Amino acid sequence: FELNALFILILIEGFSLSYSLADRFFIGNVPQGGIAALNYAFVIFMLPVTLLSIPIITTMFSKFSKSVSTNSFDLLVNDFLNSSRMNLYIFIPITLLIYFWGDILLKIFYERGEFTAVDTIMTHSTLQKYAIGLIFYTSYLIAVKLLYSLNKYIFILVISITAILLKITLNFSFVKLLNQDGLALSTSLVYIFLFIVTLIYISNFLRIKNKTWYPN
């Protein structure tokens, strides 16, 4: 079983890292500098994920696993709800910052040498499309750790495969209309899809009622 789980985990990680590869197949459909803008925007997008979200989900995974091992499902639900709320409190302001003032970050990090003001405008537009999915992506990362603690590897693998197929389909749909912005938007829509599906699954599995999200 451990070997099977390890193999499934490798597949899941492979699919989750393949979005950029899927975008590369559309390099001929974007204008010059489009792929560079996509890469620069994604680096900024991942900064808060790496600095803030990863420590949170690492801590919560340990708590989730402990609750499952002791059959403390009430505590598991409580930890999941609290971590999800905390994630919203942290990443809603960050999302707004990136969406409306991301060009300032791009100027600080990149606008030197051959990276011009025009490049900043192009990259910020792409970054805005990524920002749409930031809250959903970080919320999904918490949800997927909960699923890992419940040993729901097959479910995660299935939605990971579905997600990459959806990503490719959306790339075809958006790239001709929005160029590199379409590729970024397709990634955000995939993150939204992953979040919704995992939330529905977790809600059904743990019988979380809607009112528990907003207790009096």
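Quick notes on the rules
- Residues numbered from 1 in each chain as written.
- Predicted model: local features only at pLDDT ≥ 70, side-chain atom pairs only at ≥ 80, totals over all residues.
- Heavy atoms only, no water.
- Axes fitted to C-alpha atoms, helices over the stretch in contact; angles between N-to-C directions.
- Helix = DSSP H or I, 4+ residues; strand = E, 2+ residues; numbered from the N terminus.
- Contact = heavy atoms within 4.5 Å.
- Nonpolar A, V, L, I, M, F, W, Y, C, P; charged D, E, K, R; others polar.
- Core = buried A, V, L, I, M, F, W, Y, C linked by side-chain atoms within 4.5 Å.
- Buried < 20%, exposed > 50% of the residue type's maximum accessible area, 1.4 Å probe, protein only.
- Expected span 1.5 Å × (residues − 1).
- Bend = angle between axes of the 7 residues up to and from the residue.
- Phe/Tyr/Trp six-rings, centres within 6.5 Å; stacked < 30°, edge-to-face > 60°.
- Lys NZ or Arg CZ within 6 Å of the ring centre and 35° of its normal.

At a closest axis distance of 8 Å, the pairing of helix α6 (residues 134-149) and helix α7 (residues 153-178) adopts a crossing angle of 145°. Contact residues: α6 offers Tyr-140, Val-144, Leu-147 and Tyr-148, while α7 offers Tyr-153, Phe-155, Ile-156 and Ile-159. Partitioned by chemical class, the residues of the contact of α6 with α7 number eight nonpolar, no polar and no charged.

A separate point is the environment of Leu-105. One can find Leu-105 in helix α4 (residues 73-109). As a C-alpha pair, Leu-105 and Gly-14 span 91 residues in sequence and 30 Å in three-dimensional space. Residues in contact with Leu-105, not counting those within four places in the same chain, are Ile-44 and Ile-98.

The next thing to look at is the nonpolar core. Residues Phe-80, Tyr-140 and Leu-146 are the most contacted members of the largest nonpolar core, which totals 63 residues. For this core, the secondary structure elements donating two or more residues are α1 (2-16), α2 (19-24), α3 (34-69), α4, α5 (117-131), α6, α7 and α8 (180-206). Once you skip the residues sitting within four places of it in the chain, Leu-146 turns out to touch Phe-64, Leu-76, Phe-80, Ile-202 and Leu-206.

A rise of 1.5 Å per residue sets the reference length of α7, with its 26 residues, at 38 Å; its end C-alpha atoms lie 35 Å apart and thus fit the reference within 8%. In the segment just after α7, Asn-179 is the residue with positive phi, at about 55°.

With that out of the way, let us pick up unusual backbone geometry. Of note in this structure, Asn-71 is not a glycine but carries a positive phi near 55°. Of note, Asn-151 is a non-glycine position whose phi angle comes to about 60°, a positive value. With respect to the helices and strands, the residue Asn-151 is situated in the loop between α6 and α7.

The next subject is the environment of Ser-53. The residue Ser-53 is located in helix α3 in this model. Overall, Ser-53 belongs to the buried group, its relative accessible area being 1%. Setting aside chain neighbours within four positions, we find Ser-53 in contact with Pro-48, Phe-91, Thr-138 and Leu-141.

For α4, spanning 37 residues, the distance from its first C-alpha to its last is only 44 Å, which falls clearly below the expected 54 Å at 1.5 Å a residue. Of all the bends found along α4, the most pronounced is centred on Trp-101 and spans about 80°.

Turning our eyes to something else, we now look at the packing of aromatic side chains. All chains considered together, the criterion is met by 19 aromatic pairs. By the ring-pair criterion, three or more aromatic residues cluster together here, those being Tyr-19, Phe-42, Phe-45, Tyr-130, Tyr-137 and Tyr-191. The ring of Phe-61 has Lys-145 lying over it, and the distance from NZ or CZ to the ring centre is 5.2 Å.

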